[in-house]
Amino acid sequence: MKKLIILSVLFTFLFAATDEVVFDYYGLEGINGTRKLQKFELIYQGGMFTSLFRYQEAYLGYFGVGIANVTIPSIDENTTDLSSSSSLIGDLEFIRPSKWLYISGGARYFNVKGDVRTTGLSYLQENNYSIVEIPLGAGFHYTYKFISGMAGVQKSYYYGQNDYYKYDTATGSRVMINHEKITFSDENALYYSLNLSFIILDQYYLGARAALKSSDDYTVSLTLGTNFKLRR
């Protein structure tokens, strides 16, 4: 947890060193999602320290660092699911509004560590996934007084690596039988996206984001923030 706080603070100070970036709100974001990709599935629930900023007065942005419980369900009935508690996650997104339209892009990071066992056999595999998601979106936006909304579509591309060790545990101790680093790429289907935000008394921020395809293929988040600033 200390590393997350330090990383978030360092990133904030780095951006705050330039007048081109203005941080408006800081807060906490809760996230929950199930992403069905072509090769595997990601299920996660967690929270992030989040900051909302404007860049060069032309872009809106989100930055967050946090932890989540992540599950990668097995696609083989003979192996167990991979479950990882307190996985590191990060989120950086830029939004470029223009009149009634917007485009968006960014990067999300997942570091997922967990063991997988082969049922009926004495094999154990230690996994260390590094997964980068590149979400791209476009749609319509509208702001009226203290309420802002965006609605559009989003598609994500995934790139990652699994650094894993495979062990034989038949003797009661771990005997390594294989070590590999496997790289992969994947993508999901086209999602409908929605982003709503409310400014309360010019001091507090309430935001909700969602990317939906179906009741079991989605990501939703809720952010509560304040306009505490590091500089004037």
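What this report covers is the structure whose coordinates are included nearby.

Looking at the overall build of the chain
Here's step 1: When you go through the chain residue by residue, the secondary structure sums to one helix and eleven strands.
Here's step 2: Reading the helices (α) and strands (β) of the chain from amino to carboxyl end gives α-β-β-β-β-β-β-β-β-β-β-β.
Here's step 3: Burial status across the chain gives 40% buried among its 232 residues.
Here's step 4: Residue pairs in contact within the chain that sit at least 24 positions apart in sequence constitute 57% of those at least 6 positions apart.
Here's step 5: For the chain, the exposed surface amounts to about 13,100 Å²; the carbon and sulfur share of it is 60%.

A short note on the layout of surface pockets
Here's step 1: Quantified by volume, the largest pocket comes out at close to 570 Å³.
Here's step 2: Around the largest pocket, the lining comprises 23 residues; the ones closest to its centre are Ile75, Gln125, Asn127, Tyr129 and Asn162.
Here's step 3: When residues of the lining of the largest pocket are traced back to their parent elements, those giving at least two are β5 (101-118), β6 (123-144), β7 (147-168) and β8 (175-187).
Here's step 4: With five residues, the single largest contributor to the lining of the largest pocket is β6.
Here's step 5: Class assignment of the residues belonging to the lining of the largest pocket gives a composition of twelve nonpolar, seven polar and four charged.
Here's step 6: In this structure, the second largest pocket spans a volume of roughly 470 Å³.

Things to note about the environment of valine 132
Here's step 1: With respect to the helices, strands and loops of the structure, valine 132 is situated in strand β6.
Here's step 2: It is 9.9 Å that separates the C-alpha atoms of valine 132 and serine 156, two residues lying 24 residues apart in sequence.
Here's step 3: Each residue touching valine 132, except ones within four places of it in the same chain, is listed here: Arg108, Tyr109, Tyr157, Tyr158 and Tyr159.

A few points about the pairing of β5
Here's step 1: As defined by bridge partners, strand β4 (residues 82-98) adjoins β5 across eleven bridges and the pair is classed as antiparallel. Counted as the bridge partner of glycine 90 is tyrosine 109 from β5.
Here's step 2: Turn length for the β4-β5 hairpin, with the two strands adjacent in sequence and antiparallel, is two residues, and the turn residue lysine 99 shows positive phi of about 55 degrees.
Here's step 3: Where β5 lies against β6, 16 bridges are found, and the strand directions are antiparallel. Paired with glycine 114 across the two strands is asparagine 127, which belongs to β6.

Regarding the packing of aromatic side chains
Here's step 1: Within the structure shown, the criterion is met by eight aromatic pairs.
Here's step 2: Ring geometry for tyrosine 44 and phenylalanine 110: centres 5.3 Å apart, planes at 55 degrees, overall tilted. Taken as a pair, tyrosine 44 in strand β2 (residues 41-55) and phenylalanine 110 in strand β5 lie far apart in primary sequence, 66 residues in all.
Here's step 3: Since its relative accessible area comes to 5%, tyrosine 44 is described here as buried.
Here's step 4: Between tyrosine 165 and tyrosine 167, the aromatic rings sit 6.5 Å apart at their centres with planes inclined by 20 degrees, giving stacked as the arrangement.
Here's step 5: Taking relative accessible area as the criterion, tyrosine 167 reaches 14% and is therefore assigned buried.

Concerning the pattern of salt bridges
Here's step 1: Tallying each qualifying case throughout the model produces ten salt bridges.
Here's step 2: Residues glutamate 133 and arginine 35 are paired through a salt bridge, measuring 2.9 Å at the closest nitrogen-oxygen approach. Placement of the pair is glutamate 133 in strand β6 and arginine 35 in strand β1 (residues 21-36), with a sequence separation of 98 residues.
Here's step 3: We classify glutamate 133 as buried; its relative accessible area is 1%.
Here's step 4: Here glutamate 187 makes a salt bridge to lysine 155, at a shortest N to O gap of 3.0 Å. Taken together, the positions of glutamate 187 in strand β8 and lysine 155 in strand β7 put the pair 32 residues apart, joining distant regions of the chain.
Here's step 5: Salt bridges here are not isolated pairs; linked through shared partners, they connect Glu29, Arg35, Asp91, Glu93, Arg108, Glu133 and Arg209.

Criteria and thresholds
Residues numbered from 1 in each chain as written. Predicted model: local features only at pLDDT ≥ 70, side-chain atom pairs only at ≥ 80, totals over all residues. Heavy atoms only, no water. Helix = DSSP H or I, 4+ residues; strand = E, 2+ residues; numbered from the N terminus. Buried < 20%, exposed > 50% of the residue type's maximum accessible area, 1.4 Å probe, protein only. Contact = heavy atoms within 4.5 Å. Areas by Shrake-Rupley, 256 points an atom, 1.4 Å probe, with all protein chains shown as cover. 1 Å grid on protein atoms, 1.4 Å probe; cavity = no way out; pocket = protein on both sides within 12 Å on 5 of 7 lines; lining within 4 Å. Points joined across faces, edges and corners; volume = space filled by probe spheres on them. Nonpolar A, V, L, I, M, F, W, Y, C, P; charged D, E, K, R; others polar. Pairing = 2+ DSSP bridges. Phe/Tyr/Trp six-rings, centres within 6.5 Å; stacked < 30°, edge-to-face > 60°. Salt bridge = Lys/Arg side-chain N within 4 Å of Asp/Glu carboxyl O.

Bear in mind that shape data such as this cannot, by itself, settle questions of function.
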